[in-house]
Amino acid sequence: MSRSTQLVPGSAGAALPPLNAPFLAHGLLPSDVHSAPPGPRRWWAGPLDVEGLALAAVQLCVQALECCGAGAHRLTTPAHRVAQAFNSFGLLRVDSQPIPGFAPHSGFFRCAEGWIRTHANYPHHEQALLRGLGLGTDGNVEQSLRELTTLEAEQKIVNAGGVAATVRTRNEWNAMIKRGSPSTPDWVEFDMASGRPTRSWQPAPTGDAPLRGLRVLDFTRVLAGPTAARTLAVFGASVLRIDPPQLPEIIGQHIETGFGKRSATVDAGSRAGRRQLEDLLTKADAVLLGYRPGALERHGLSVQGLRERFPHLVLVTLDAWGDANPWFGRRGFDSIVQAATGIAELYRAPGGAPGALPVQALDYATGYGMAAAAIALLTERTRSGQCGVAHFALARTARELIDTPVPQVKAERLPDAPLRSMPSPYGTLTYVPPPFNRRHRTVDYPGPPPVYGADEPVWDTREPSEV
């Protein structure tokens, strides 16, 4: 079936990207086509169909919830709500103040013959960047990069454990991919296997929390994976995020994606930490994995190891580049993937500087897709006993975005963001609620982000309604 025949009808006659195609191929979603979210089809405009990617990803969550038999047909996803959800990081305020965005050493820099994009928000990545360039803490990164070619700079930074990518055109990226292993054609890879469920979780047949009682371990960082876990918490799942104590999360990112979760730190390298993880995994239903490939394997948290030891688990994994990519195992983030795959070149400013998507759409679209995959796989586990793995990669989301035809419809102005307020341990939060309506009422988060790392690494046995 050609790509054009897979496109899902959208509002104003404009099709949505066929993100549901891999779900359909594995029988995880029904083949009937759902109507597009109400509202405008274009609002950001620009050279790519970012709106279609956002609408299709959020709609997947609704379809997955419908399939779990939880009465989710009452859910709708208005287009303006989806748009604001994809900019929730930018709109979040803590006591009326925005949370910090990119660090000074994160961004586009000129090199001798082109541009490079760096990511140094985490302190250890900033140290690696400086180390790769042979600089001290007060070194001039901009001047150092101007003396190197883009590929020289990229290699020095990456070899030092930093995060960077040359700004490439789409053709340059495709040519590099073809020199490596052929890329998978699917946005998400599913791998199904017979499982041995040791927990009898069933979707709640009534109420507003269809995922009540579901236990989800969140081993993800930044935006994509944490957005998936946050979405599961919206619908009643008990989500416990685990972080290593030696690499704390950036607090602004924790606040943005921590609604409705619990947060704990576990040293997976210690004997006590391994015992804690063993107990958590034994009693969990699903695990979200979002670290760089290989980073968790030494702690027994590889996909293969988890499937062998805990065959009841549904696993949803994420990395930057995908396993059929010559950059498999390399560090990467949304902004870096945009630079490498040709998106930054497509959004180049008239003055010649590379550009970026209007929102971090690769992260958010992948995150909502991960949530949909988790729900669909858990539904299949309940139905047939099969436990599956879903694997996402930001680079594949970028490919979906680039390959989707841009609809020829007029961009429309969106209404103002429907912001809400909530007290939290960090102050009063002004935030964008989830992009879902239930019976024409806004769905909200079950609670604020907790104090980072303050919870015990054990499952909370209370029902969400009691928390």
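The coordinates are above.
Residues numbered from 1 in each chain as written. Predicted model: local features only at pLDDT ≥ 70, side-chain atom pairs only at ≥ 80, totals over all residues. Heavy atoms only, no water.

1. Describing the packing of aromatic side chains
Here's step 1: Enumeration over the complete set of coordinates arrives at 13 aromatic pairs.
Here's step 2: Residues F259 and Y431 carry aromatic rings whose centres are separated by 5.0 Å and whose planes lie at 40 degrees to one another, so their mutual orientation is tilted. You can see F259 sitting in the loop between α11 (251-257) and β10 (262-265) and its partner Y431 sitting in strand β15 (residues 427-431), a full 172 residues away along the chain.
Here's step 3: The buried category is assigned to F259, whose relative accessible area is 1%.
Here's step 4: The lysine or arginine in question, R117, covers the ring of F108, its NZ or CZ lying 4.5 Å from the ring centre. (Phe/Tyr/Trp six-rings, centres within 6.5 Å; stacked < 30°, edge-to-face > 60°. Helix = DSSP H or I, 4+ residues; strand = E, 2+ residues; numbered from the N terminus. Buried < 20%, exposed > 50% of the residue type's maximum accessible area, 1.4 Å probe, protein only. Lys NZ or Arg CZ within 6 Å of the ring centre and 35° of its normal.)

2. Let's talk about helix α12 (residues 271-283)
Here's step 1: An ideal rise of 1.5 Å per residue puts 18 Å on 13 residues; α12 measures up with 19 Å between its terminal C-alpha atoms.
Here's step 2: Looking at the buried positions of α12, the neighbouring elements they touch are β8 (215-219), β9 (238-243), β11 (286-289) and α13 (303-309). (Expected span 1.5 Å × (residues − 1). Contact = heavy atoms within 4.5 Å.)

3. Focus: the pairing of β8
Here's step 1: Taken across its 5 residues, β8 has 5 buried, putting it largely inside the fold.
Here's step 2: Burial along β8 is two-sided: R215, L217 and F219 facing one way and V216 and D218 facing the other are all buried.
Here's step 3: Crossover β8 to β9 through helix α10 (residues 224-234) is right-handed.
Here's step 4: With 4 bridges connecting them, β8 and β11 associate as parallel partners. Among the inter-strand pairings, F219 is bridged to a residue of β11, identified as L289. (Right-handed = clockwise from strand over helix to strand, strands pointing away. Pairing = 2+ DSSP bridges.)

4. So, unusual backbone geometry
Here's step 1: Despite not being glycine, V222 shows a phi value in the positive range, around 65 degrees.
Here's step 2: With respect to the helices and strands, the residue V222 is situated in the loop between β8 and α10.
Here's step 3: Residue classification places V222 among the buried positions, given a relative accessible area of 10%.
Here's step 4: One non-glycine residue, H440, lies in positive phi territory at about 70 degrees.
Here's step 5: Tracing the sequence through the fold places H440 in the loop between β16 (437-438) and β17 (441-442).

5. Brief notes about the sheet that holds strand β1 (residues 75-76)
Sheet strands associate in pairs through backbone hydrogen bonding, adopting either a parallel or an antiparallel arrangement.
Here's step 1: Reading across the sheet, the 3 strands line up as β1-β16-β17 and stay open at both edges, with antiparallel pairing between neighbours. Since the sheet does not close on itself, it has two edges, and those belong to β1 and β17, each with one partner.
Here's step 2: As judged from the 2 bridges shared by β16 and β17, these two strands associate in the antiparallel manner. Each residue of the ladder has a partner; that of R438, found in β17, is R441.

6. Observations regarding the pairing of β11
Here's step 1: Both faces of β11 are covered, namely the face carrying A286 and L288 and the face carrying V287 and L289.
Here's step 2: Where β11 meets strand β12 (residues 314-319), 4 bridges bridge the pair, whose relative direction is parallel. When the bridges of β12 are listed, A286 appears paired with V314.
Here's step 3: One crossover worth recording links β11 to the parallel β12 by way of α13, and it is right-handed.

7. So, the environment of L296
Here's step 1: Looking at the secondary structure, you find L296 in the loop between β11 and α13.
Here's step 2: On the basis of relative accessible area, L296 is assigned to the buried category, the value being 13%.
Here's step 3: Spatially, the C-alpha atoms of L296 and F219 are 9.5 Å apart, while their sequence positions differ by 77 residues.
Here's step 4: Non-local contacts of L296, meaning those with residues more than four positions away in its chain, are made with L289, Y291, L301 and S302.

8. So, helix α14 (residues 334-341)
Here's step 1: Burial runs high along α14: 8 of the 8 residues are buried.
Here's step 2: Taken as a whole, α14 has its buried residues at D334, S335, I336, V337, Q338, A339, A340 and T341.

9. So, the pattern of salt bridges
Here's step 1: Under the definition given, this model contains 21 salt bridges.
Here's step 2: The partner of K261 in a salt bridge is D218, and the shortest N-O contact between them spans 3.0 Å. Placement of the pair is K261 in the loop between α11 and β10 and D218 in strand β8, with a sequence separation of 43 residues. Residue K261 shares its accessibility class with D218, and that shared class is buried.
Here's step 3: Between R383 and E380 there is a salt bridge, and its shortest N-O distance comes to 2.6 Å. Here E380 and R383 lie together in helix α16 (residues 361-384), a separation of 3 residues that amounts to about one turn. (Salt bridge = Lys/Arg side-chain N within 4 Å of Asp/Glu carboxyl O.)

10. Remarks on the sheet that holds strand β4 (residues 107-110)
Here's step 1: Read from one edge to the other, the open sheet built from 3 strands follows the order β4-β5-β6, with strand pairing classed as antiparallel. Of all the strands in the sheet, the pair left with one neighbour each is β4 and β6 (164-166). Recorded for the sheet is a direction-independent mean angle of 25 degrees between the axes of neighbouring strands.
Here's step 2: Across 3 bridges, strand β5 (residues 115-118) lies against β6 in antiparallel orientation. Along β6, the bridge assignment pairs I116 with T166.
Here's step 3: Sheet contacts for α14: β5 and β6; angle to β6, the most-contacted strand, approximately 20 degrees. (Axes fitted to C-alpha atoms, helices over the stretch in contact; angles between N-to-C directions.)

11. With respect to the environment of D323
Here's step 1: If you trace the backbone, D323 turns up in the loop between β12 and α14.
Here's step 2: C-alpha of D323 to C-alpha of R439: the two residues are 116 residues apart in sequence and 41 Å apart in space.
Here's step 3: Discounting chain neighbours no more than four positions away, the residues touching D323 are E189, F328, H391 and R396.

12. Structural notes on the nonpolar core
Here's step 1: In this structure, F23 and F86 are the most contacted members of the largest nonpolar core, which totals 100 residues.
Here's step 2: It is α16 that contributes the most residues to this core, 14 residues altogether.
Here's step 3: When near neighbours in sequence (up to four residues on either side) are disregarded, F86 contacts W44, A54, V58, V359, Q360, A361, Y364, A365 and Y368. (Core = buried A, V, L, I, M, F, W, Y, C linked by side-chain atoms within 4.5 Å.)

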